[in-house]
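Here is what each chain is made of, one letter per residue.
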Amino acid sequence: MWKKKLRQKKYQFLLIGIVLFVTTAIFAGCISFTLETTRFGQDFFKSETCPDMIYLTRSADSEQLLKQTSDVMNDVDTLFAQSAKYITAGMYVDDKAINVTFNSCMALNNVEEIPYYFERVKGATKDLAPKNHEVWISQAFADDNNIEVGDTIFLRSSYECMLTVTVLYNSAPVPSGMMGIFPMFVSQETLNSIDEPDATYITLQFKDGIKSIPNECYPEEFMSNLYYSIDVAGINMTYSTASMLFGGIGTIASLIIFLVSVILIRFILRSSLLREYRSIGIYKSLGYTSKKIIRFYLNCYAFVGVFAIPLGILGGIPLAYLLGGITNKYLTGYHITSTSILAAVLTFVILMLILLGNVYAILRTIPKITPIKALSIGATSSKEKLKRSLIPSAHSPFSMAINMIWKKKSLSVMVVLVLSVSFYLILLFGSISHTCSTLESHLDVWFGIPRTSCSIAADVTDDVRSYLTDNPYVKKVIFGDLSIRATTFVSNTTGNDLSADPIFSYESFEDPVVSFTYAKGRPPKNPLEIGITSDMSKEIGGTVGDYVNLTINDYTGDFLITGIFSSLMQGGHNLHILPVDLDRCHITYHFDNSMIQLKEGVSFEEFQDYVQETKPELQVVSYMPGLKSAVISVKNLSKPVTFTLVIVFILFSILNIINLMMMNNLENRKQYGILKALGFTNRYICAQNMFRTLILSTIAAIFAQVLDLLFSKILFANLVGIDALICPFTLRLGVTFSMMVLILFITYLFTLPVKKISPKELMEE
């Protein structure tokens, strides 16, 4: 009998199957993507494929210093060192300035000597080393700056060096553009010709079981000469930040979609039972027990679920692979593993149990149905039905639409629920896409830097200070150093301690013209005060007004937390501290960033041209060079991921709208026939349906806006750690208008079959 029921209700069950398929595909895809990305990061960033520590030092003797230090070498399995140059010269490609904070060239004699993952992906991939005046650059760096194999990179300062790009590479130390550190490889002869400060690039891979080496084990001379250092945890953090953001939000969105789908299926089943109330009574009068009737309904939905859910899981695997391919573009080896298979099995079991559990919960009303009660339904109800009209004297399509909404409250509520979720999810991911695409306009919120018009990355000499302070275009300038490296630990009274790297320091944090954005409190303005990131605040359990113990190199003291800011730089473990406290800690620093607020009416281009004419050795950039790669990386990742998810959510919305429209047509089929018998035209009935959809869509759009205002910023802030989500009015208007046009179009298409309804045929049914 259940097979006959499937054939009778084939379109209804087909649409339910499609809804289950799409819902499962989204859910399984996001779960698989999140699990596989986490698994891949844990497996990839191990000693055999990734260095445990990376250093760029000022000293050419750094390798020997480490090799002579037993406290370090006892825990080190592989030490790989390369002679290098720290590049301070301007970098240009076709006269376009390329800005990188930590720019360095390393000598490479044989690529096979590199002990970690390093792959030549484009260009002369069979060469073992760069030839003279050739350079190998990372693919992430090339993508961020639109550089291709064959392009020429110019280094210009007091000298000029021309390097031809012959290889684009991927490597473990550069898993994404978020790193902001892009080593370039040249021959030893080419390196010797570059007139820049000597440096040494060192990677350490620890012995099995060694997770870290305390900084106090390193020679003081080594630690005091660092340009930068980063550990494997920091590399992994930069790799996983963006992917975890989209995976987490996508998973939450898929859960919401699944819950809505379950509610929709419950509603469809309840509506089906009401329509078949009399049929169930007839079945019982013919001797069928309640258990048999429940069983064949369960069989119908189990049959649909057994096909739709596995197909949805299979459809989710390509989605996970697509998203994983986008986020792991610069690493090799990402693939779907047994983790996804296990997740698929659990997903199938859980979703089937949820589906059948909800179906059974609705079917439990069947034992209460008796043949006499079922056959008496519809005998007397005309006065009660008339009382259910909100507008008794309705005659226009609009007023009749209101009455239809009022009479079909449960269906109307379901339509509003589905459309509200659809509007909200599309609005949420549209907001995320917009926020990421305009990230450079809100760097103060994302990276804890001052909000300014532009910046100059150059050593702040007396000449530079005087030039900018007295500049006729500059309203205010503050000088700082965002790359202060020191052995820094922050701990609270509970004993939790956390490393902070790098430290940010400016001459002033409280200038009203060049302001900092703090989530809580204020920046430091007195000695022994610090600002910490929101991530650090959570991890050490400290907030504004608390004292924490700060250890910087050999200095230890109690500092007052005056404020909390947000930052994605180096995993979000940064400090704001005054120069007077750096002096107290005997830290060597030099200001190399000038943050500039221009006068009103002065454009960035105008100031840039003025500096180019009057002081060409300085490069004016719209935002700090070290953040450019992170900004471009987030934008390049967010566009395809959010676009893919928005398309999936739109598809989900369309399927549910079609499902609801079919239910509406089925439930109102006789009503349409009666209206036509009374002389109402097809145009009138079409207008009534269009007004009904317009009213419900408007209510859903309002609910979606309320949901967005109440929850989106909180959700984004909790997942990312930064309260930076932006949803402009134009985006709200565009999403709302586009979705409403789509919904009205679908409604119109489903109203066309009304023309074929014949009152005579309905009377004969």
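It should be noted that the structure appears before, not after, this text.
Residues numbered from 1 in each chain as written. Predicted model: local features only at pLDDT ≥ 70, side-chain atom pairs only at ≥ 80, totals over all residues. Heavy atoms only, no water.

Enquirer: Can you walk me through the overall build of the protein chain in this structure?
Expert: A count of helices and strands for the protein chain gives 25 helices and 24 strands. A buried classification covers 55% of the 765 residues belonging to the protein chain. At a minimum sequence separation of 6, the contacts of the protein chain that also span at least 24 residues come to 82%. Approximately 33600 Å² of the protein chain is accessible, and the part contributed by carbon and sulfur atoms is 58%. (Helix = DSSP H or I, 4+ residues; strand = E, 2+ residues; numbered from the N terminus. Buried < 20%, exposed > 50% of the residue type's maximum accessible area, 1.4 Å probe, protein only. Contact = heavy atoms within 4.5 Å. Areas by Shrake-Rupley, 256 points an atom, 1.4 Å probe, with all protein chains shown as cover.)

Enquirer: What exactly am I supposed to notice about the packing of aromatic side chains here?
Expert: Aromatic rings in a pair are described by how distant their centres are and how their planes are angled relative to each other. Per the counting criterion, the structure on display carries 22 aromatic pairs. For the pair F118 and W136, a centre-to-centre distance of 6.5 Å together with 25° between the ring planes defines the contact as stacked. Taken together, the residues span a long stretch of sequence, with F118 in strand β6 (residues 118-123) and W136 in strand β7 (residues 134-138) at a distance of 18 residues. W136 sits in the buried class, given a relative accessible area of 0%. By way of ring pairs, the aromatic residues F40, F44, Y117, Y321 and Y334 are connected into one cluster. Here the basic side chain of K615 rests over the ring of Y467, its NZ or CZ set 5.6 Å away from the ring centre. (Phe/Tyr/Trp six-rings, centres within 6.5 Å; stacked < 30°, edge-to-face > 60°. Lys NZ or Arg CZ within 6 Å of the ring centre and 35° of its normal.)

Enquirer: Would you take a moment to explain the environment of L363 for this structure?
Expert: With respect to the element layout, L363 can be found in helix α11 (residues 338-363). Beyond its immediate stretch of four places on either side in the chain, L363 contacts L269, L273, I294, Y297 and L298.

Enquirer: It is not clear to me how the nonpolar core should be interpreted in this structure. Could you clarify?
Expert: For soluble globular proteins, the rule of thumb is that nonpolar side chains tend to be buried together. Within the largest apolar cluster, 148 residues are counted, with the highest numbers of intra-cluster contacts made by F423, F429, W446, F447 and F649. Once residues lying within four places of it in the same chain are set aside, the contact partners of F649 are I26, A253, I257, L425, I426 and F429. Counting residues in each nonpolar core, the second largest holds 27 residues, with I137, M184, I194 and Y330 among its members. (Core = buried A, V, L, I, M, F, W, Y, C linked by side-chain atoms within 4.5 Å.)

Enquirer: Please explain the pattern of salt bridges as it appears in this structure.
Expert: A side chain of one charge can pair with a side chain of the opposite charge if their charged atoms are brought near each other. Applying the stated criterion across every chain yields a total of 14 salt bridges. Close ionic contact of D127 with K131 constitutes a salt bridge, the shortest N to O distance being 3.1 Å. E617 is paired through a salt bridge with K615; the nearest N and O atoms lie 3.3 Å apart. For E617, a relative accessible area of 55% translates into the label exposed. (Salt bridge = Lys/Arg side-chain N within 4 Å of Asp/Glu carboxyl O.)

Enquirer: Explanation requested: a nonpolar patch on the surface in the structure shown.
Expert: Residues F21, F303, V306, F307, L311 and L314 make up a contiguous nonpolar surface patch of roughly 560 Å² in combined accessible area. Here the nonpolar patch gets 5 residues from one element, more than from any other, and that element is helix α10 (residues 290-327). The class of F21 is partly exposed, set by a relative accessible area of 32%. (Patch = residues over 30% accessible without salt bridge, like charges linked within 9 Å, V, L, I, M, F, W, Y side chains within 5 Å.)

Enquirer: Help me understand a negative patch on the surface in this model?
Expert: Taken together, the side chains of E605, E606, D609 and E613 present a region of like negative charge at the surface. A relative accessible area of 36% places E606 in the partly exposed class. (Lys, Arg positive; Asp, Glu negative; His and termini not counted. Charge placed at Lys NZ, Arg CZ, Asp CG, Glu CD.)

Enquirer: What is the right way to look at the environment of S603 in this model?
Expert: With respect to the secondary-structure elements, S603 resides in the loop between β23 (593-598) and α20 (604-614). Residue class for S603 comes out partly exposed when judged on its relative accessible area of 31%. Each C-alpha atom of the pair S603 and Y473 lies 9.2 Å from the other, and the pair is 130 residues apart in sequence. From its side chain, S603 meets the backbone nitrogen of E606 in a polar contact 3.1 Å long. (Polar contact = N/O pair within 3.5 Å; in protein donor to acceptor, adjacent residues only side chain to side chain.)

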